[in-house]
Amino acid sequence: QVQLVESGGGLVQAGGSLRLSCAASGRTFSNYGMAWFRQAPGKEREFVAAITGSSSRRYYADSMKGRFTISRDNAKNTVYLQMDTLKPEDTAVYYCAATGFGGVVTTTARLYDYWGQGTQVTVSS
C-alpha cells in the first residue's frame, strides 16, 4: 500500500503561482511513477503531468506546458507540482497518483493504483 497526502492548495490571483506537494508513505517511493490529475466542478478528471521514478522522463498536458513543472525528491518521498502563470480555468481539485510502472509516464488514470485525497486550487480573475 502507498498512502498519498497532498498539500499546498489555496486561493491565488490569476498570474500567480502555487506549489503543490504530495507526500508518500508505505513502499519504496522511487519504484513508482507519479502524476498529478485535476478535476473541476462538472468536468471529468484531467491529466496534468507525470514523472518517472528516477525523474528521467516527464510529460505534461499541452495546456500546462511551460507553466507547470513536476518534480520529485525521492529522499523525501515527495512529488511536487510548481504552477506558474495560473489562470482561472486552472481552478480544480488536484490529485496526486502513483503507479507501479515506475519507468514510464502515462496519462491513463486507470493505470494509477494509489490516489491522494486532493487539494483545492482556486484561481481568481
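Above: the structure in question.
Residues numbered from 1 in each chain as written. Predicted model: local features only at pLDDT ≥ 70, side-chain atom pairs only at ≥ 80, totals over all residues. Heavy atoms only, no water.

Draft legend 1. Representation of the state of the cysteines within the structure. Tallied over the entire structure, the rule returns one disulfide. Here C22 engages in a disulfide with C96; their sulfurs sit 1.9 Å apart. Taking the sign of the torsion about the S-S bond as the criterion, the disulfide between C22 and C96, at about 45 degrees, is right-handed. Of the two residues, C22 is situated in strand β3 (residues 18-25) and C96 in strand β9 (residues 92-99); the sequence distance between them amounts to 74 residues. (Disulfide = S-S within 2.5 Å. Helix = DSSP H or I, 4+ residues; strand = E, 2+ residues; numbered from the N terminus.)

Draft legend 2. Representation of the environment of T107 in the model. Along the chain, the position of T107 falls in the loop between β9 and β10 (114-115). Overall, T107 belongs to the partly exposed group, its relative accessible area being 38%. Note: C-alpha distance between T107 and G10 (97 residues apart in sequence) is 25 Å. Ignoring sequence-local partners within four residues, the contact set of T107 consists of F37, F47 and Y59. (Buried < 20%, exposed > 50% of the residue type's maximum accessible area, 1.4 Å probe, protein only. Contact = heavy atoms within 4.5 Å.)

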